[in-house]
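These are the residues of each chain, in order.
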Amino acid sequence: MSAAPIIVEVAVPSPLYRSFDYRLPPAVAAAPPPGTRVLVPFGRQQLVGMVLGTRQHSDLAPGKLKAVSEILDAEPVFDPELLQLLRWAARYYQHPIGEALATALPVALRKTKPVAGDNATVWRLTELGREQSPARLARAARQAEVLEALQSHPQGVAREALPVPLSVLKALQSKDWILEVAVEPGAPARTPAAVPHGLQLTKAQQHAIDSVREAGDQFRCFLLEGVTGSGKTEVYLQLIAPLLESGRQVLVLVPEIGLTPQLVDRFRSRFQLSICVLHSGLGDAQRLLAWRQAANGQACLILGTRSAIFTPLKNPGLIIVDEEHDGSFKQQDGLRYSARDLAVWRAHQLDIPILLGSATPSLESLYNVQQGRYQHLALAQRAGNALPPHMRLLDLRGQTMHGLLSDALLQTMHRHLHNDGQILVFLNRRGYAPVLLCHACGWVAECRRCDARMTVHRRRGELRCHHCGSQRPVDRFCPACGSSELLGIGEGTERVEQALGEHFAGQTVLRIDRDTTRRKGALENALDAAQSGQARILLGTQMLAKGHHFPGVTLVAILDADQGLFSTDFRASERMAQMIIQVAGRAGRSDKPGEVLIQTHHPDHPLLLQLVAEGYPAFATAALQERREAMLPPYASMALLRAEAAAAQHPRTFLEEACALAESLRDDSVQLWGPVTAPMERRAGRYRAQLLVQTAQRAALQRLLTAWIPCLDSLKAARRVRWSIDVDPMDTY
Ligand code: ADP
Ligand code: ZN
Ligand code: ZN
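Keep in mind that what you see is a predicted model, and the values were worked out from it rather than measured.

### Here's the deal with the overall build of the protein
Moving on, step 1. Secondary structure assignment for the protein yields 20 helices and 32 strands.
Moving on, step 2. Against the globule reference of 27 Å for 733 residues, the protein gives a C-alpha radius of gyration of 28 Å, in line with a compact fold.
Moving on, step 3. Its C-alpha atoms put the protein at 95 × 70 × 55 Å along the principal axes.
Moving on, step 4. Taking all 733 residues of the protein together, the buried fraction comes to 55%.
Moving on, step 5. The contacts in the protein between residues at least 6 apart in sequence include a share of 75% that link residues at least 24 apart.

Written out as structure tokens, the structure is:
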């Protein structure tokens, strides 16, 4: 009698909300553990799936079960803890499990190549190899590439992380420059952390550090609310140091590493060990290397953006989420997860402490403090000799304006320059002018694919749509009436740069926005010039607002505070307040006091008044109260079903069918709003509509979504649209 075949449950990257059963080939005696990748037949394809577990019985008849084609890994690539996190995320965010798992895998592992286990080897430089300069290998570019990679990773690099043929490695080996050695798993390089000379922690810093240390090896979530420049980063660094020394790993999530090279440098120079830096610009091979080093414990400090939350950790001791309020922690397509929320979930599961830090915490986190779920730690004063910046509203009504620059502002700027100060001018609108208007007939240049206006980019002579990226040359004649009187109306950073250049001849004006920093290295150079004080006037968008430490800045000017005051999105005022406080926080971070001018036509607006007079905490308390009265998050839970199609009626039809289905499944606490067309109905040539689901009971929302979402693809209208579900959406448009 032959034994029953072993059945494995496999998650396959497909849009289906389920896993699939396969049998093991007869030659395989034992089932691979969960988290192992397998190659499986799926339709006409062979796909890389992941084993979730084994089963005694399948709903499929034994004859219908297909066999696993190949087991790809000797050891699982996801450990049980990570697998559990991902299964939870797939359920909570309503995403097909196979796709969720694929999202978390480094690209190199989504392909069929097997990944060697811990007892693999790495390539390393020899003494001789260390003395070679890659530049001298100009003719052997691939050898140079290997040399460079190994020089920046003294502990060695795995074969599969070196994207060159074996012959290249052999060539270097025959020169006696590199050698292959066995990896000693879990033997990280330990280095003491040098505390900067003479730095004396403030009482508040010490209290924060003591509180987190007291949590020891247990889950506890802390919210570190520290005003800008209060020394939050120093708290992180001193918490991390002893953990690294005892061989524990620390995962640090940050919003955008590209924007904060200074932060990475600070971690690097403090610990003098190779830090795993994970961000979207990383090549597949580098990402795989980092992933493996984190998994086997070689990398102790993992610093990364959103997706780094899925890094395997061998011996984690602490998770830190810096600037926890930042919107970039929410993924906006596919598996729409919040890395901050997953980080809290993961810390809970790992039973380790987690620290969320910000000068402007999200209302969600403040609410969790009120509920007693998070412990609040405050750094109310700036560190060192720095004083809080002095904020003032500048009433623009009736003022003489030069574009967006008021007389009063220009005078203040002159005063600061005269006193050797540095100035940061903030405008969150790039380009030259946001509108191109015909003076003769009123025609306005619009995007052909969106319900939006084109922005004039003068230097390049282009009109660009900031919503879909399409561009075309600036019209010379009005397409409606033929007039040549076309005017650029309104102000973007490019135009303000020009105006500043005229008003402050002889001073360096440095514009930092997405247009000026496209080239590789351009942002780093600009930030260096900003930090050194060499550029006297800095002008930029939110790129300049985030986390930077420019010690020379004494004046911050927010040119247009009115932009965000009247948005319909319920999070708009929160975002606006955070942005103003963060930008303002760039002023007076060193010895010289800082001044902040906020230009507005609405100096009586309650949000602005309160922010300036009482600061962020008072604003947040009031904003939470409003959310409570309106039954909005965090007092309610939301999900947004979006649909889009090339024809306007399809999204509506689909959402109406979806709404009817939800009506039959929901319980009384759940409300359905819509469907409605999206505020910008057409974007990138597609029509968009949405349906909002809201309830005061999170569990009721999850119950509805779990029953509802997997059925949506079988609706009649589903074939005509692209739809997505966004749980805990950041925007409701
Ligand atoms: P945050 O992260 O809160 O914006 P940082 O950690 O960047 O603040 O600190 C701002 C500046 O103050 C940095 O230059 C930092 O080295 C310095 N600093 C931090 N803590 C102290 C302290 N206890 N005494 C003196 N200077 C400090
Ligand atoms: Zn015209
Ligand atoms: Zn467009």
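### Side note on the sheet that holds strand β23 (residues 471–473)
Moving on, step 1. The antiparallel open sheet is built from three strands, whose spatial order is β21-β22-β23. Since the sheet does not close on itself, it has two edges, and those belong to β21 (455–457) and β23, each with one partner. The sheet shows a mean angle of 30° between the axes of neighbouring strands, direction not considered.
Moving on, step 2. Relative to β23, strand β22 (residues 462–464) is paired through three bridges, and the arrangement is antiparallel. By the bridge assignment, R464 is partnered in β23 with Q471.

### Observations concerning the coordination of the zinc ion (ligand 3)
Moving on, step 1. Ligation of the zinc ion (ligand 3) by protein atoms is provided by C447 (SG), C450 (SG), C465 (SG) and C468 (SG), these donors lying 2.2 to 2.3 Å from the ion.
Moving on, step 2. Relative to the metal, the four donor atoms surrounding the zinc ion (ligand 3) lie at angles of 105 to 114°, and the coordination shape comes out tetrahedral.
Moving on, step 3. In primary-sequence terms, the residues that donate to the zinc ion (ligand 3) follow C-x2-C-x14-C-x2-C. You can see C447 sitting in the loop between β20 (435–438) and β21 and its partner C465 sitting in the loop between β22 and β23, a full 18 residues away along the chain.

### Structural notes on the nonpolar core
Moving on, step 1. Grouped together as the largest cluster of nonpolar side chains are 122 residues, with contacts concentrated most on F78, L641, F654 and W708.
Moving on, step 2. Here this core gets seven residues from one element, more than from any other, and that element is helix α1 (residues 80–92).
Moving on, step 3. Other than its neighbours up to four places away in sequence, W708 contacts L641, A658, L661, A662, L665, L691 and V693.
Moving on, step 4. Grouped together as the second largest cluster of nonpolar side chains are 34 residues, F222, L244, V250 and L318 included.

### Let's talk about the sheet that holds strand β1 (residues 7–11)
Moving on, step 1. Here we have five strands laid out as an open sheet, ordered β2-β1-β4-β3-β5, and antiparallel in their pairing. The sheet terminates laterally at β2 (20–23) and β5 (70–71), the two strands that pair on one side only.
Moving on, step 2. Relative to strand β4 (residues 45–55), strand β3 (residues 37–42) is paired through six bridges, and the arrangement is antiparallel. Paired with V38 across the two strands is G49, which belongs to β4.

### Quick word on the domain arrangement of the protein
Moving on, step 1. Assigned domains within the protein: domain 1 (7–110), domain 2 (121–182), domain 3 (203–379), domain 4 (390–430 + 492–626) and domain 5 (637–727).
Moving on, step 2. Of the roughly 650 Å² buried where domain 1 meets domain 5, counting both sides, 55% is carbon and sulfur surface.
Moving on, step 3. The largest per-residue losses of area from domain 1 upon contact with domain 5 belong to Y17, Y92 and Q94, which jointly make up 82% of the total buried on that side.
Moving on, step 4. Joining domain 1 to domain 5, the criterion identifies zero salt bridges.
Moving on, step 5. In this structure, the connection of domain 1 to domain 5 is made through three residue pairs in polar contact (both at pLDDT 80 or more).
Moving on, step 6. Residues that form the side of domain 1 that touches domain 5 fall into these classes: three nonpolar, one polar and one charged.

### A word on the coordination of the zinc ion (ligand 2)
Moving on, step 1. Within the protein, C438 (SG), C441 (SG), C478 (SG) and C481 (SG) serve as the donor atoms for the zinc ion (ligand 2), at 2.2 to 2.4 Å.
Moving on, step 2. Taken together, the four donor atoms coordinating the zinc ion (ligand 2) and their angles of 107 to 113° define a geometry best described as tetrahedral.
Moving on, step 3. Written as a sequence motif, the donor arrangement for the zinc ion (ligand 2) is C-x2-C-x36-C-x2-C. Taken as a pair, C441 in the loop between β20 and β21 and C478 in the loop between β23 and β24 (486–489) lie far apart in primary sequence, 37 residues in all.
Moving on, step 4. Taking the relative accessible area as the measure of exposure, C441 reaches 41% and is therefore partly exposed.
Moving on, step 5. A residue is classified by how much of its surface remains accessible, and C478, at 3% relative accessible area, is buried.

### Quick word on the site of ligand 1
Moving on, step 1. Close contacts around ligand 1 come from 17 residues, with Q200, Q205, K232, T233 and R266 the closest.
Moving on, step 2. With respect to ligand 1, the backbone of G231 contributes an N or O atom lying 3.0 Å from an oxygen atom.
Moving on, step 3. At 3.2 Å, a side-chain N or O of R589 approaches an oxygen atom of ligand 1.
Moving on, step 4. Burial of ligand 1 by the surrounding chains reaches 78%, relative to a free accessible area of 560 Å².
Moving on, step 5. The biggest single contributor to the shell around ligand 1 is helix α8 (residues 232–245), with three residues.
Moving on, step 6. Residues belonging to the shell around ligand 1 are distributed by class as follows: four nonpolar, nine polar and four charged.

### Quick word on the confidence of the model for the protein
Should pLDDT be low for a region, the predicted coordinates there are not to be read in detail.
Moving on, step 1. In this model, the protein carries a mean pLDDT of 90, and residues with pLDDT of at least 70 account for 95%.
Moving on, step 2. This stretch, residues 185–190, has a pLDDT under 50; its non-local contacts, to residues over four places away or in other chains, come to 11 contacts.

Criteria and thresholds
- Residues numbered from 1 in each chain as written.
- Chains lettered and ligands numbered in written order.
- Predicted model: local features only at pLDDT ≥ 70, side-chain atom pairs only at ≥ 80, totals over all residues.
- Heavy atoms only, no water.
- Helix = DSSP H or I, 4+ residues; strand = E, 2+ residues; numbered from the N terminus.
- Rg over C-alpha atoms; globule rule 2.2 N^0.38 Å.
- Buried < 20%, exposed > 50% of the residue type's maximum accessible area, 1.4 Å probe, protein only.
- Contact = heavy atoms within 4.5 Å.
- Pairing = 2+ DSSP bridges.
- Axes fitted to C-alpha atoms, helices over the stretch in contact; angles between N-to-C directions.
- Donors = N, O, S within 2.8 Å, 3.2 Å for Na, K, Ca; no water.
- Tetrahedral: all angles 85-135°; square planar, octahedral: opposite > 155°, others 65-115°.
- Core = buried A, V, L, I, M, F, W, Y, C linked by side-chain atoms within 4.5 Å.
- Domains from an automatic or database assignment.
- Buried area = accessible area lost by both parts, 1.4 Å probe.
- Salt bridge = Lys/Arg side-chain N within 4 Å of Asp/Glu carboxyl O.
- Polar contact = N/O pair within 3.5 Å; in protein donor to acceptor, adjacent residues only side chain to side chain.
- Nonpolar A, V, L, I, M, F, W, Y, C, P; charged D, E, K, R; others polar.
- Near = heavy atom within 4 Å.
- Areas by Shrake-Rupley, 256 points an atom, 1.4 Å probe, with all protein chains shown as cover.
- pLDDT = per-residue confidence, 0-100.

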